[in-house]
Amino acid sequence: MDIATAVAAERQELAALLDDLSPAQWESPTLCAGWRVRDVAAHMSLGFRYSLPRTLAELVKARGSLHRMTDRCARKDAAAYSTGQLAAFLRDNADHPWQPPFAGIEGALGHDVVHGLDISVALGLDRGVPRDRVRVLLKKVTPKSTRFFGADVGGVKLCADDLDWTYGTGTPLTGAAQDLLLVLYGRKLPPGRLRGEPQSRFVREGA
């Protein structure tokens, strides 16, 4: 698969999804704790809109914390731009070469796919990410990456029911490959998307 082409397609598809959201949906929470749909959408385009000097300046303002920087910028930009502009940033930059630091083109694909799912899954939208894109990302999963994203998958064997793929050892946890990808990126899912005894560890509180 041409991953750059997949990244461009993912951004275009997500822009189309955002175009169809109602005002209430734009204000709805996502799987990213504390972020609404508009905050996630603003964050997704930060790499296109911020130069390296501006990014470094924002990092200094956040006292060196990448988490504080991205949270502050997402909220600020979500308030500064209209929903139409936030969707257009993705569409107009579908071919932008931005990549997360040290993560390569696969990291760019993972950034877009996972944040897109943060929105669509939280809203209950029936969007299936093409399996070839999910397969690329699942192949990149390592113990180091799960630790980076805060995924607690110790003692669990993740088993996709729509791909020939498993990860880990222990008690089986079964679900769609894209839902298991969210688990590996440290997300808590709405109830009913996973099966197996460990599922309660990966369900959002209060959901």
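Look above for the structure.
Notes on the structure follow. Treat the numbers as computed from the prediction; the structure is a model and nothing was measured.

### Let's talk about the sheet that holds strand β3 (residues 171–175)
Sheets are built from strands paired through backbone hydrogen bonds, the pairs being either parallel or antiparallel.
Phase 1: Pairing is mixed across the open sheet formed by 4 strands, whose spatial order is β2-β1-β3-β4. Here the strands that pair on one side only, and so sit at the sheet edges, are β2 (166–167) and β4 (194–195).
Phase 2: Pairing analysis gives 2 bridges linking β3 to β4, with the strands arranged antiparallel. Following the sheet pairing, Thr 174 is matched in β4 by Arg 195.

### Examining the side chain of Ser 120
Phase 1: With respect to the helices and strands, Ser 120 occurs in helix α8 (residues 104–123).
Phase 2: Look past the residues within four positions of Ser 120 in its chain and what remains in contact with it is Leu 17, Leu 125 and Arg 127.

### Concerning the packing of aromatic side chains
Phase 1: Evaluated as defined, the whole model comprises 4 aromatic pairs.
Phase 2: Between Tyr 81 and Phe 89, the ring centres sit 4.9 Å apart and the planes meet at 90°, which makes this aromatic pair edge-to-face.
Phase 3: Its relative accessible area of 27% is what places Tyr 81 among the partly exposed residues.
Phase 4: Classification of Phe 89 by relative accessible area gives buried; the value is 18%.

### Considering helix α3 (residues 37–44)
Phase 1: Of all 8 residues in α3, 8 are buried, a share of seventy percent or more.
Phase 2: Those residues of α3 not exposed but buried are Val 37, Arg 38, Asp 39, Val 40, Ala 41, Ala 42, His 43 and Met 44.
Phase 3: Buried residues along α3 sit against α1 (3–19), α2 (23–26), α4 (46–49), α6 (66–80), α7 (83–92) and α8.

### Considerations on the nonpolar core
Phase 1: Core analysis: the biggest nonpolar cluster contains 35 residues, and Leu 109, Leu 138, Val 153, Leu 158, Trp 165 and Leu 184 have the highest contact counts within it.
Phase 2: Going through the elements one at a time, α1, α8, α9 (131–139), β1 (156–160) and α11 (177–184) are the ones with two or more residues in this core.
Phase 3: Leave out the neighbours within four places in its chain, and Leu 109 touches Met 1, Ile 3, Ala 6, Val 7, Arg 133, Val 136 and Leu 137.

### Focus on the pairing of β3
Phase 1: With 5 bridges joining them, β1 and β3 adopt parallel strand pairing. Paired with Cys 159 across the bridge in β3 is Thr 174.

### Re the pattern of salt bridges
Phase 1: In the structure shown here, the tally under the stated rule is 16 salt bridges.
Phase 2: Glu 27 is paired through a salt bridge with Arg 36; the nearest N and O atoms lie 2.8 Å apart.
Phase 3: What makes Arg 36 partly exposed here is its relative accessible area of 29%.
Phase 4: With a shortest N-O distance of 3.0 Å, Arg 195 and Asp 161 are connected by a salt bridge. Residue Arg 195 is located in strand β4, and its partner Asp 161 is located in the loop between β1 and β2; the two are separated by 34 residues in the primary sequence.
Phase 5: The class for Arg 195 is partly exposed, based on a relative accessible area of 45%.
Phase 6: Assessed through its relative accessible area of 43%, Asp 161 is described here as partly exposed.

Calculation criteria
- Residues numbered from 1 in each chain as written.
- Predicted model: local features only at pLDDT ≥ 70, side-chain atom pairs only at ≥ 80, totals over all residues.
- Heavy atoms only, no water.
- Pairing = 2+ DSSP bridges.
- Helix = DSSP H or I, 4+ residues; strand = E, 2+ residues; numbered from the N terminus.
- Contact = heavy atoms within 4.5 Å.
- Phe/Tyr/Trp six-rings, centres within 6.5 Å; stacked < 30°, edge-to-face > 60°.
- Buried < 20%, exposed > 50% of the residue type's maximum accessible area, 1.4 Å probe, protein only.
- Core = buried A, V, L, I, M, F, W, Y, C linked by side-chain atoms within 4.5 Å.
- Salt bridge = Lys/Arg side-chain N within 4 Å of Asp/Glu carboxyl O.

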